[in-house]
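Residue-level structure breakdown
Each chain, written out:
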Amino acid sequence: MNTKLIFSLLIIVLLSAHGRVIAQPDEEVPLTDDDIKQFKERAGVMIDSFQDYLSIIGSKERPKEVKVYYADETLELFIRKGERVTMEVSSTRRTYPTRYPLKTYLQRLANLRYAKVEIKQAGIYHISNFYKVGENKYRAVASIFQQFCGYSRYGDRYVKRYCDVTKKTIEIYIYLMETWNGEKYWIVKLGDISVADTTPAY
Amino acid sequence: MKRIRFILLFWSVSFMTKAQTFHGIIFANTFDAKIGHSVNINYNKMLTEFAAIASANNMKIEQHYFRDFDYNKDKLMETLNNIQFSSQDIAFFYHTGHGGRATNDKTKWPQLALGDYDSDFVSLNRVLEILKQKSTRPQLIIVMSQSCNSESSSLTAKESISGGNTVLENSTSDNYQKLFKNLKGTIIVSSSSPGQYSYSSGVGSTFTNAWLKELQHIVSGNGEVNWNTLFERTKQRNAEILKHTDPNSYPQWEVNVTSTSGGDDDDDITIKTNSEVFVNDLLGLANTRNTEIERIRLVRPLLQKHFDNEFVKVQILGKNGKTIVERQSSERFLKRLSTTRRLVGLAVLEKKTNSNGKITFLKIHEIYKR
């Protein structure tokens, strides 16, 4: 009995120690149009960072220490720090995309079997308007273009083995958090990433 | 460790050079019982915009920001008399507070109320004249007042008018640079014309908000990029906001600028240094000229140097100077800065320190390039 009580209290304390998502229908906290605009701009900064981080993590020239650090920073951009967030990947050599947990995707990206990897933004992203999707929760979708190229090495030179441009969509959420002492605040984070289209790039 | 100390020292000291500098000067009457809240909003918005202007023009920024107890005539005169420029600098003076005019004022510009007595009022035009008469005059001087320009019988006339108008010439470079770096001369503007009042609300003052909005539109490529167009559009927006309150209140301005032959900088926006050591260190942390490992290894030393502990609250504000778009611990904040690849400027909106000078709370706005 004591063990159960202690365990329950521990769970309550752990849940309260960090912010939690508000889920109380009669506790609407206002978010103005100007606030949403500010968060939308912030989301754009986060998307730029995400794309920059991927190019570091996929690079064969960076040491493991750097890649691990950047992978941790990447997860901070996402809801639940990337837990249960998924990333879809595609290839011109496959008919259907594959979906991975984000952490798994980052590990795979860091260990790709190419001699050289280049990942970069291939166009300007676009973020949709934000729409209310629940109590104290808003959602938008961003479209990004990502170029991926993998190279093999022959002596001193690198030969391109694969290159594509993929259009992806990223979910973006603005939601309310609450700290253990009842302080409420809005936060913006990225969510699941899906493939919209993949084309070869030369 | 030695290398890290060297990098820190390099970034703290090395850019005290003759880099082209944007001098932002703000005097804000944030203590006033009636308008203080709105003035504070103006203060934050303009501080943020100054950081953006400096970054977009690839200029180092020198901050001369005064509010609360520092909002007084002595501080204003001390600042204007002591400030030094190089010939390629830009000076932007912004006042937000009460203002007025004498019934026999010869100039159309308001007097800035820096205290309760007539002797505490300083003409906006006098601010411009002081800056123009510096031994080394900045390339471009802008003075702007967000204040009333209404008559008061208890005020006496101060300075007389001077200056004339020159039509701006357009150039084809980046829009912010078209308005600042590529120009020389003077601009003076007040939020209301002789005999008129200016207005504010819970979201700041109408003229300042209108000007910032139109500035953003124009630098985003929506319209002709010149100061007269900017002020005309500001006037229209201001009138739209005030049409039911006071349709007879409108800003006035004089633009007396010509274009320069252009700078010798690279086209890319890069990090330029700041006069404040703390901000300089943060910009050094974000600078991609250092390797990733060097930047990562700067986090802990900077945390110990500037912050009271790793859990100090840091709030990142949006461009409106109001919405908190991110909240982080000091450690998290520095780690993120150590990985960012596009940060070009920072504006500190609020900083609390303890008796050891370590930061215990920070509010900051970040400026990125895309």
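Above this note sits the structure.
Now for a description of the structure that goes with this document. (Residues numbered from 1 in each chain as written. Chains lettered and ligands numbered in written order. Predicted model: local features only at pLDDT ≥ 70, side-chain atom pairs only at ≥ 80, totals over all residues. Heavy atoms only, no water.)

**Some points on the interface of chain A and chain B**
Taken together, the 28 residues of chain A in the interface contact 28 residues of chain B. For the pairing of chain A and chain B, the buried interface totals around 2,400 Å² over both sides, and the portion due to carbon and sulfur atoms is 45%. Ranking the residues of chain A by area buried against chain B places A:Gln38, A:Arg42 and A:Tyr69 at the top, with a combined share of 26%. The interface formed by chain A and chain B contains 10 salt bridges. Taken together, the links from chain A to chain B amount to 14 residue pairs in polar contact (both at pLDDT 80 or more). Of all the elements in the fold, those that place two or more residues in the side of chain A that touches chain B are helix H2 (33-58), helix H3 (64-76) and strand E9 (184-200) of chain A. A total of 13 residues in the side of chain A that touches chain B trace back to one element, the largest contributor, which is H2(A). Tallied by class, residues from the side of chain A that touches chain B come to 12 nonpolar, three polar and 13 charged. (Contact = heavy atoms within 4.5 Å. Buried area = accessible area lost by both parts, 1.4 Å probe. Salt bridge = Lys/Arg side-chain N within 4 Å of Asp/Glu carboxyl O. Polar contact = N/O pair within 3.5 Å; in protein donor to acceptor, adjacent residues only side chain to side chain. Helix = DSSP H or I, 4+ residues; strand = E, 2+ residues; numbered from the N terminus. Nonpolar A, V, L, I, M, F, W, Y, C, P; charged D, E, K, R; others polar.)

**Section: unusual backbone geometry**
Residue and element names in this part refer to chain A. One non-glycine residue, Arg-80, lies in the positive phi region at around 55°. Topologically, Arg-80 is positioned in the loop between H3 and strand E2 (86-89). Judged by its relative accessible area of 38%, Arg-80 falls in the partly exposed class. (Buried < 20%, exposed > 50% of the residue type's maximum accessible area, 1.4 Å probe, protein only.)

**Overview of the environment of B:Leu302**
Mapped onto the fold, B:Leu302 is located in helix H10 (residues 299-306). Spatially, the C-alpha atoms of B:Leu302 and B:Ser123 are 43 Å apart, while their sequence positions differ by 179 residues.

**Topic: the state of the cysteines**
Residues and elements named next belong to chain A. This model, assessed by the stated rule, comprises one disulfide over all chains. Two residues share a disulfide in this structure: Cys-149 and Cys-163, whose sulfurs sit 1.8 Å from each other. Placement of the pair is Cys-149 in strand E7 (residues 137-154) and Cys-163 in strand E8 (residues 157-178), with a sequence separation of 14 residues. Across the pair, Cys-163 and Cys-149 agree in class, each one buried. (Disulfide = S-S within 2.5 Å.)

**Digging into helix H7 (residues 227-242) of chain B**
Residues and elements named next belong to chain B. Here H7 spans 22 Å end to end across 16 residues, near enough to the 22 Å set by a 1.5 Å rise per residue. Taken together, the buried positions of H7 are occupied by Trp-227, Thr-229, Leu-230, Phe-231, Thr-234, Asn-238 and Leu-242. Among the structural elements, strand E3 (90-96), strand E7 (140-146), helix H5 (175-179), strand E9 (183-190), helix H6 (206-219) and strand E12 (252-259) are those in contact with the buried residues of H7. The backbone nitrogen of Asn-228 lies 3.1 Å from a side-chain oxygen of the residue at the head of H7, namely Asn-226. (Expected span 1.5 Å × (residues − 1).)

**Observations concerning the sheet that holds strand E16 (residues 359-368) of chain B**
Residues and elements named next belong to chain B. Strand order in the open sheet formed by four strands is E14-E13-E16-E15, and the pairing between neighbours is mixed. Pairing within the sheet leaves two strands with one partner each, and these edge strands are strand E14 (324-329) and strand E15 (343-353). Recorded for the sheet is a direction-independent mean angle of 25° between the axes of neighbouring strands. In this sheet, E14 lies alongside strand E13 (residues 313-317) in antiparallel orientation, the contact comprising five bridges. What sits directly across from Leu-317, in E14, is Ile-324. Together, E15 and E16 form the strand contacts of helix H2 (residues 36-56), whose direction differs from that of E15 by roughly 150°. (Pairing = 2+ DSSP bridges. Axes fitted to C-alpha atoms, helices over the stretch in contact; angles between N-to-C directions.)

**What to know about the packing of H6(B) against H7(B)**
Residues and elements named next belong to chain B. Running from amino to carboxyl end, H6 crosses H7 at an angle of 130°, the nearest separation of the two axes being 8 Å. Taken together, the axes of H6 and H7 are oblique relative to one another. The hand of the H6/H7 crossing is right-handed. Contacts between H6 and H7 pair Thr-206, Phe-207, Ala-210, Trp-211, Lys-213, Glu-214, Leu-215, His-217 and Ile-218 from the former with Trp-227, Thr-229, Leu-230, Phe-231, Arg-233, Thr-234, Arg-237, Asn-238, Ile-241 and Leu-242 from the latter. Along the lines of polarity and charge, the residues of the contact of H6 with H7 split into 10 nonpolar, five polar and four charged. (Parallel < 35°, antiparallel > 145°, perpendicular 65-115°, else oblique. Left-handed = near helix turned anticlockwise from the far one by under 90°.)

**What to know about the pairing of E9(A)**
Residues and elements named next belong to chain A. Pairing analysis gives 14 bridges linking E8 to E9, with the strands arranged antiparallel. Following the sheet pairing, Thr-169 is matched in E9 by Ser-194. Here E8 folds back onto E9 in antiparallel fashion, the turn holding five residues, of which Gly-182 has a positive phi close to 85°.

**A few points about the sheet that holds E3(B)**
Residues and elements named next belong to chain B. The six strands are arranged E2-E1-E3-E7-E9-E12 in an open sheet whose pairing can be described as mixed. Single-partner strands in this sheet number two, and they are strand E2 (60-67) and E12. Neighbour-to-neighbour, the strand axes of the sheet open up by a mean angle of 10°, direction not taken into account. Looking at chain direction, E9 and E12 are connected through eight bridges and run antiparallel. For Ser-190, the partnering residue across the bridge sits in E12 and is Gln-252. In the packing of helix H3 (residues 73-82) onto the sheet, contacts are made with strand E1 (21-28), E2 and E3, and the angle to E1 comes to roughly 170°. Those strands touched by H7 are E3, E7, E9 and E12, and its axis lies near 160° from that of E12.

**A few points about the nonpolar core**
Among the nonpolar cores identified, the biggest contains 80 residues, and A:Ile172, B:Phe307 and B:Phe333 are the most heavily contacted of them. Those residues in contact with B:Phe333 that sit more than four places away from it in its chain are B:Leu282, B:Phe307, B:Val314, B:Ile316, B:Gln328, B:Leu362, B:Ile364 and B:Glu366. Counting residues in each nonpolar core, the second largest holds 48 residues, with B:Phe50, B:Ile53, B:Ala54 and B:Phe231 among its members. (Core = buried A, V, L, I, M, F, W, Y, C linked by side-chain atoms within 4.5 Å.)

**Some words on the pattern of salt bridges**
Residues and elements named next belong to chain B. By the definition in use, this model includes 29 salt bridges over all chains. With a closest N to O distance of 4.0 Å, Lys-335 and Glu-331 form a salt bridge. Here Lys-335 and its partner Glu-331 are both found in helix H11 (residues 330-337), four residues apart, which amounts to about one turn of the helix. The class of Lys-335 is partly exposed, set by a relative accessible area of 27%.

**Some points on the side chain of A:Asp52**
Here A:Asp52 lies in helix H2. For A:Asp52, a relative accessible area of 12% gives the class buried.

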